[in-house]
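Observations on the model geometry
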Amino acid sequence: MKLKLHIWRQKSTQDKGKMVTYEVDGIIEDMSFLEMLDVLNEKLILNEEEPVAFDHDCREGICGACSLTINGIPHGPEKETTICQLHMRHFKDGDEIYVEPFRARAFPVLRDLVTDRTAFDRIMQAGGFVSANTGGIPDANAIPISKKDADLAMDNAACIGCGACVAACKNASAMLFVSAKVAQYAYLPQGQTERKRRVLNMVAQMDREGFGNCTNYYECEAVCPKGISVASIALMNRDFLRASLSEEKALDR
Amino acid sequence: MAALVRFLTSSILSKIVMAATGLVLVLFLLGHMAGNLQMYLGQDAMNTYAETLQGLGGLLWVIRAALFIMLVLHVITSIKLKWENYNARPEQYAMRKYVRASLSSRTMIWTGIMIFLFVTYHLLHFTIHATNPAYGGLYDAMGRHDVYSMVVLGYSNVLISLVYIAAMILLAFHLFHAIESMFQTLGVNHEKYNPFIHGLSLTVASIIMVGFLSIPIGVLFGWIELPAGVIIL
């Protein structure tokens with residue numbers, strides 16, 4: 001399989017960056033997209049050129065490190081598939097492929113296709129947790145949780161924090177990520193104590209990070225590798241409004 | 001106080017402002033359309049309705065002021081949102097593809113701007129009569145302002161009718177996304193009701209478009225005619 005790749009090259013955050021075209025040959029359809037880039041990088045290294053930097057870690061679709069925009073779609077054309085799990089069988093011999101980083105002001109490019117997504121970590125630090133006293137492990141099922149709520153909490157907890165929602169959004173909004181992290185606790189009894197503070201603090205941090213605003217394009221839901229639903233955004237909107245009107249003292253950070 | 005400031009400056013409040021002001025404006029549109037449809041009941045019914053509205057006096061100005069505030073809030077918030085969204089992605093993609101986002105949702109700012117320009121023209125045309133001062137001098141047999149004839153005369157001009165028709169199509173396009181979006185923003189999203197909300201959005205947008213459109217089209221096709229004694233200027 002022979003491919004023509006248009007890849008974003010940028011030396012550093014300060015560098016201007018540009019699209020560079022590469023040809024790569026000998027691609028096997030069972031390779032993942034990242035393995036295809038590995039082949040390209042080996043070729044570049046042999047030619048004494050700088051290899052293309054890209055993020056990756058588990059290559060099993062569960063860590064959220066890989067973050068490429070393929071032909072204008074974050075994580076590429078396959079539904080609910082991270083880029084590391086996207087295989088070359090979905091492309092044809094002779095295809096032209098555009099490879100770009102996740103683009104957002106809040107995700108500055110560090111190098112080539114690697115972006116700094118610590119904005120998500122700061123949002124998590126603002127409220128994406130439950131406070132619990134340490135001690136013995138509580139008995140299993142000591143707190144009854146309905147199957148439906150447990151499922152919904154798990155669906156939202158499936159978010160791997162990759163940032164594809166931000167990359168896909170026309171406004172670079174982080175609402176799907178933040179709402180998944182708000183919702184995963186909102187469905188559980190353990191999340192109730194800090195429920196109001198959590199949504200207020202996480203939304204405030206999200207706004208500070210310079211993400212755009214949600215205008216309900218639902219492009220985030222379409223590209224999410226974990227299939228997080230925009231219903232979580234509606235839940236967050238409800239929780240935010242209720243908390244804003246009733247929380248007597250918000251914890252400012 | 002800090003909590004209040006944070007609430008007022010938050011991105012979600014901006015969305016809620018868009019949804020709430022939009023809701024009031026959609027309800028106004030439905031009322032306005034119902035009023036306009038009285039054109040089909042003839043000159044007397046239309047002019048009675050117009051006179052009743054004018055007879056509200058102070059209340060009319062309260063309603064006008066409230067609607068004006070809603071419109072201004074809607075426009076200002078949309079500009080704020082657009083500006084922030086524009087700045088949230090300084091470097092654009094070389095290649096962009098949309099999987100789910102509808103054309104209607106992606107063009108809200110443009111349809112919005114055109115609707116705003118249209119509303120300005122519409123007020124100058126039929127409310128203030130700035131573009132056609134002769135409209136102010138139209139009176140019916142009972143000495144009331146002849147709104148019926150004014151509308152027929154206005155739409156007899158094909159160019160003006162086309163502007164109104166185009167504006168209503170854009171409005172419907174804006175509303176397709178707007179009405180559905182309003183529910184999501186206000187926190188209403190449920191598997192069971194989502195198909196209904198989607199249908200409602202399409203239905204209300206279509207009703208508003210057809211209702212408003214039927215009048216210039218009715219005049220152009222001669223279904224709504226000038227009463228005897230009024231001369232086309």
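Let me begin by describing the structure that accompanies this report. Values in this document were obtained by computation on a predicted structure and should not be read as measured data. (Residues numbered from 1 in each chain as written. Chains lettered and ligands numbered in written order. Predicted model: local features only at pLDDT ≥ 70, side-chain atom pairs only at ≥ 80, totals over all residues.)

Some words on the overall build of chain B
The line we're drawing: The helix and strand labels rest on DSSP assignments: H or I over at least four residues marks a helix, E over at least two residues marks a strand, and numbering proceeds from the N terminus. Buried residues are those with 20 or more other C-beta atoms within 10 Å of their own C-beta, exposed residues have 12 or fewer, and partly exposed residues lie in between; C-beta atoms are placed from the backbone.
If you tally the helices and strands in chain B, you get 9 helices and 0 strands. Counted from the first residue to the last, chain B has its helices and strands arranged as α-α-α-α-α-α-α-α-α. For the C-alpha atoms alone, the extent of chain B along its principal axes is close to 60 × 45 × 40 Å. When burial is assessed residue by residue, chain B has 27% of its 233 residues classed as buried.

A few points about the interface of chain A and chain B
For the record, the criterion: The contact rule is simple: place each C-beta atom from the backbone, and if two of them lie within 7 Å, those residues are in contact. Amino acid classes used here: Ala, Val, Leu, Ile, Met, Phe, Trp, Tyr, Cys and Pro are nonpolar; Asp, Glu, Lys and Arg are charged; the rest, including Gly, are polar.
The interface of chain A with chain B comprises 43 residues on the first partner and 37 residues on the second. Mapped onto the side of chain A that touches chain B, the elements with two or more residues apiece are strand S5 (96-101), helix H6 (195-208), helix H7 (219-223) and helix H8 (231-246) of chain A. Looking at the side of chain A that touches chain B element by element, the count peaks at 8 residues for H8(A). Of the residues belonging to the side of chain A that touches chain B, the class tally is 20 nonpolar, 12 polar and 11 charged.

Comments concerning the sheet that holds S5(A)
All names here are of chain A. Where we set the bar: Strands pair, by our definition, only if DSSP identifies at least two bridges between them. In this analysis, axes come from line fits to C-alpha atoms, helices being fitted only over the stretch in contact, and the angle between any two N-to-C directions falls in the range 0 to 180 degrees.
If you walk across this open sheet you meet the 5 strands as S2-S1-S5-S3-S4, and the pairing is mixed. On the outer flanks of this sheet lie strand S2 (18-24) and strand S4 (73-74), each paired with one strand and no other. Pairing between strand S3 (residues 68-70) and S4: 2 bridges, direction antiparallel. Opposite Thr69, over in S4, you have Pro74 as the bridge partner. Across the sheet, helix H1 (residues 33-46) touches strand S1 (3-9), S2 and S3, and the angle it forms with S2 is around 90°.

A few points about the packing of helix H8 (residues 158-185) of chain B against helix H9 (residues 194-220) of chain B
Describing two packed helices takes the angle between their axes plus the distance from one axis to the other. Note the cut-off: If an angle is under 35 degrees, it is roughly parallel; if it is over 145, roughly antiparallel; if it lies from 65 to 115, roughly perpendicular; otherwise it is oblique.
For the pair H8(B) and H9(B), interaxial distance at closest approach is 8 Å and the crossing angle is 170°. Here H8(B) lies roughly antiparallel to H9(B), going by the angle between them.

Shape descriptors only; they carry no functional weight alone.
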